[in-house]
Amino acid sequence: MTLDERTKPAPQSGRPAGSSTATAKRILPLPVTGQEFVLIGVLIVLWILLGIFTPAFLTPNSIQPLLVSVAPIALIGVGMTFIIITAGIDVSVGGAIMLCAVIVAKTMVSVDIPLIGAVALAIVVGLVLGVVNGVLIAYGRVAAIIITFGTANIFQFLALRVFGSSTVNGIPSTLEVFGRGEAGRTLGVPNSFAIMIVIAAVAWWYLRHASGGRHLFAIGGNANAARLVGIKVQPRLLVAYALTGALVGLGACFILASGTATLDQSVGSGKELQVIAAVVIGGTSILGGRGSVIGTVLGAILVQTVTSGVTQLGWPSQLANLFVGIFIIIAVGTDLLRERARRKA
Amino acid sequence: MSADTPVATATYRLELQDIVKSYGGVRAIRHADFALKPGTVHALVGENGAGKSTLIKIIAGAEIPDAGTIAFDGSAKTISSTSDSIALGVQTVYQEPQLFPELSVAENVFVGRELKKGGRVDWKAEADQIQGLLDTVGLPARIATVPVGTLSIAEQQQVSIAKALAGQASVLILDEPSAILTDSEIEVLFTVIRRLTATGVSVIYISHRLDELFVIADEVTVMRDGETITTRPIGELSVREIAELMVGGVLAEARPKGSGTSGETVLELLNLSRTGKFENVSLTVRSGEIVGLYGLVGSGAGDIAGVIYGMDKATSGTMRLSGSEVVVKRPSQAKRIGIRLLPANRSAQGSFSFQSISLNIVIGELGKLSRVPGWVSGRVQRDIARDFVKRLAVKTPSEKQPISAMSGGNAQKVVLARQLVQTPKLLVLAEPTQGVDVGAKEEIHRIISNLADDGSAVLVVTSDLGEVLRISDRILVIRAGEVAAEFTPQATQVEILAAAAGDQTTEELS
């Protein structure tokens, strides 16, 4: 997908290429950044190596579950990319996933709710949680990490109250179209992954071409200057957190679908770190003002590839943490070095 | 802003009359009149605190005057917000560029007022417009695609001007644009300004560098103590006359003549340079002597203090302390060899806001306050703090108060006390009385003077003209990173200001 986009960067390419059209192409932010090419390269190398050492890796039986596991991380990562571009962060997505998942699971167990109803319920719950975060951060003007750290605990508390007992059992297969099974695939591609790609593509377009998207970059680059040029900073921030909340809702459905008929209290645990890792490895600056959805999707694929690869190689699974940790430090380190070099110049 | 009655004979793009503005009980502007003709460059000058920034803020809509009238093109207007002001065609280019480092030049110019087609940004229309705008401000068209963060400060300023022009500026306020620019960059800026005025844009030009006004300005308005003193065509005045109007007839009482002339040399700088900041600075400070380093914003005087204390590295030259050569690599080393620095920015670099006065005083010497290494004795800490609170007349109910609860003057005394816990061999003070009330200023000056009398060498870096004359035994004027002139405290404010602002004749006289 990414390479195709690069060859036709501007929608108006049908016109004769005048000089201003050429400039229009160039004043556009680059469709794919250098870091994304590096990521693609790293992924290709990894996949080839894994293909050589574990012949089973490059088969549908291995790739399909990998893509299923990528889908919720990358999907929520799209929202997280918006947030981190504004120089914010949301560490409550793990707790929010847990709350969405348990509410939907319990509802499905007790009521015969159709697929569309379950998805809508999850998205509405997620949206509400995102709006809570967004309002507190944008209008309360408190640091995002503090607010979401607080709400993470509150969401977890609420989720555990809804759980009641330690597990929710006998979850019906309503959500199987997002699952690992045959019902979860179209032409061999997992539906959840395809849906994620469509949403990521829309988000990519919005960040690149819509003024609202560009304003997110402005806010993350210099919030004060953004205010001075008349950007409505607070509503924009609210939208970023609300969007993430809604995507958490859908992502929770993906996670429920890819699990068993039993939901336990570990759902969502640590997911916020996986999501943030995907965003950061994807080249979005933790300092705000720069980032891309494509990078986030690639970052999520990389993280899951490493996790799955370590398992398939029969290595101790904690090595996955080591590798992901190294990737994060390299990604953030190059970003900070870049920033320091620029400050000095 | 309705029912405006245009006056056919209007000759002013912008006219302010009888403006008054107070903050709390402090009169920032006692009385100001200001009239800006179309297509001219109107310089606004005055010492720090004369009321220039307040006047500019009123025009930009960031402050609302208590009294007075504002008229655009002859019709009275009410400006109650920055957006009112922008709607009337006022655009401000601040000294620190307000830009988005990661976004391209083109995006920076249009952000907040994007050209749109359907729901999306019309990149082609922006590309069409950006060419002309960049051309006007003297930047090459190819720069449109470059992230602003990679540009030089001068180029960023040009982008800021392009941004102002994209906002249909008819009045452009430039707040000390030259302070951060090199000579050749200033030339470019002037070319841009002339191009703008030729198209009818009026420019309000604020600067401390008086010499350049004669190159670029048509008229000059001088402010002093919250009043506009006069507005004259620039050709009717000289640098010296403007300086005289700025300082008025105020005379400072200096330190007793002959103080601090006999001690041993403590600090000696020999051709010290830090590229881009200052060049070939040589100076000496003797024990018991107070040397005043006077420079306007951007002169490089503050950077010299930073290098002496090891916050920045010198690129060439040598520094000697009590005769032996030293290379100060970091502040902890400077401290060890007996140098102390009172930083210019008290809140950012000087105080630990939520901590008590006593901790703020002893924080730098914690390890040395007790016989047991690493052990901090509350009693010793308290005694030292109480001693300083008394000696420096810090007004506080208790040394346990957090420093954040104190007024500027008292907080500054606390930060100053920290430098005196171990009597420094060399004390460097940067803007020691900035944001400090008059009473506390007197007392801080007395403390500094006493310290020198007790044998410390003192270097005061300041942009406060009255201060440098009052407390110095010797005055060095820094201009454009070089020592431009040396004066005795018997010099007049006018002589010093003229040397700092670039009047060549004064330099030769000294």
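The rules we used
Residues numbered from 1 in each chain as written. Chains lettered and ligands numbered in written order. Predicted model: local features only at pLDDT ≥ 70, side-chain atom pairs only at ≥ 80, totals over all residues. UniProt positions renumbered as here; feature names shortened; annotations may be inferred. Helix = DSSP H or I, 4+ residues; strand = E, 2+ residues; numbered from the N terminus. Rg over C-alpha atoms; globule rule 2.2 N^0.38 Å. Contact = placed C-beta atoms within 7 Å. Axes fitted to C-alpha atoms, helices over the stretch in contact; angles between N-to-C directions. Parallel < 35°, antiparallel > 145°, perpendicular 65-115°, else oblique. Left-handed = near helix turned anticlockwise from the far one by under 90°. Nonpolar A, V, L, I, M, F, W, Y, C, P; charged D, E, K, R; others polar. Core = buried A, V, L, I, M, F, W, Y, C linked by C-beta atoms within 7 Å. Buried ≥ 20, exposed ≤ 12 C-beta atoms within 10 Å, placed from the backbone. Pairing = 2+ DSSP bridges.

In the nomenclature of an unreviewed UniProt entry, chain B corresponds to ABC transporter ATP-binding protein from the organism Subtercola boreus. Quoted verbatim from the Subcellular location (unreviewed entry) field of the UniProt record, the comment on chain B reads "Cell membrane".

Within an unreviewed UniProt entry, the label attached to chain A reads Sugar ABC transporter, and the organism entered is Subtercola boreus. Looking at chain A in UniProt, the text filed under Subcellular location (unreviewed entry) is "Cell membrane".

1. As for the overall build of chain B
Counting secondary structure elements, chain B contains 18 helices and 22 strands. The globule rule puts the C-alpha radius of gyration for 510 residues at 24 Å, and the 25 Å found for chain B is close to it. Based on the C-alpha atoms only, the size of chain B along its principal axes is roughly 75 × 50 × 45 Å. Sequence-distant contacts in chain B: of pairs separated by 6 or more residues, those separated by 24 or more amount to 69%.

2. So, the packing of helix α8 (residues 239–247) of chain B against helix α17 (residues 493–501) of chain B
Residues and elements named next belong to chain B. Relative orientation of the contacting elements α8 and α17 amounts to 125°, with a least axis distance of 9 Å. For the element pair α8 / α17, the angle class is oblique. For α8 against α17, the interelement crossing comes out right-handed. On α17, the residues that touch V239, R240, A243, E244, M246 and V247 of α8 are Q493, V494, L497, A498 and A501. Taken together, the residues that form the contact of α8 with α17 break down as 8 nonpolar, 1 polar and 2 charged.

3. Observations regarding the nonpolar core
With 253 residues, the main nonpolar core has A74(A), C100(A), A101(A), V104(A), C253(A), V428(B) and V477(B) as its most contacted residues. Apart from residues no more than four positions distant in its own chain, C253(A) is found in contact with V104(A), A118(A), V119(A), A122(A), L175(A) and F178(A).

4. Comments concerning the sheet that holds strand β20 (residues 457–462) of chain B
Residue and element names in this part refer to chain B. With mixed pairing, the 6 strands of this open sheet are ordered in space as β18-β19-β20-β15-β21-β22. Edge positions in the sheet fall to β18 (339–342) and β22 (482–487), since each of these pairs with one other strand and no more. Across this sheet, the average inter-strand angle for adjacent strands is 20°, counted without regard to direction. Bridge count between strand β21 (residues 474–479) and β22: 5 bridges; the pairing is antiparallel. Residue L476 lies in a different strand from β22, and its bridge partner there is E486. The strands touched by helix α9 (residues 301–308) within the sheet are β15 (290–295), β18, β19 (426–430), β20 and β21, with β19 carrying the most contacts at an inclination of about 145°. Against the sheet, α17 engages β15, β21 and β22, with an angle of about 30° to β21.

5. Concerning the UniProt feature "transmembrane region" (unreviewed entry) in chain A
Residues and elements named next belong to chain A. UniProt's entry tags residues 37–58, 65–85, 116–136, 142–163, 184–207, 238–263 and 315–337 with the feature "transmembrane region" (unreviewed entry), counted in the numbering of this structure. Within residues 142–163, the helical portion is 91% and the strand portion 0%, while the C-alpha atoms at the span's ends are 31 Å from each other. Secondary structure content for residues 315–337 is 87% helix and 0% strand, and the end C-alpha separation is 33 Å.

6. Considering the interface of chain A and chain B
Counting residues at the interface gives 25 residues for chain A, matched by 27 residues for chain B. At the level of elements, α2 (19–27), α9 (211–221) and α10 (223–228) of chain A are the ones that each hand at least two residues to the side of chain A that touches chain B. If you tally residues by element for the side of chain A that touches chain B, the top one is α2(A), at 6 residues. Of the residues contributing to the side of chain A that touches chain B, the split by class is 11 nonpolar, 10 polar and 4 charged.

7. Points about helix α12 (residues 271–281) of chain A
All names here are of chain A. Most of α12 is tucked away, with 10 of its 11 residues classed as buried. Listed in full, the buried residues belonging to α12 are K271, E272, Q274, V275, I276, A277, A278, V279, V280 and I281. G283 lies just past α12 and shows a positive phi near 100°.

8. Section: the environment of E102(B)
Within the secondary structure layout, E102(B) lies in the loop between β6 (90–93) and α3 (105–110). You can call E102(B) buried: it has 26 C-beta atoms within 10 Å. When the C-alpha positions of E102(B) and L189(B) are compared, they lie 24 Å apart, and in sequence the two are 87 residues distant. Excluding anything up to four places from it in sequence, E102(B) contacts F217(A), G221(A), G289(A), R290(A), P147(B) and G149(B).

9. Focus: the packing of helix α8 (residues 191–209) of chain A against helix α13 (residues 293–312) of chain A
Residues and elements named next belong to chain A. At a closest axis distance of 9 Å, the pairing of α8 and α13 adopts a crossing angle of 145°. Here A200, A203, W204 and L207 of α8 lie close against α13, whose contacting residues are V293, I294 and V297. Residues that form the contact of α8 with α13 fall into these classes: 7 nonpolar, no polar and no charged.

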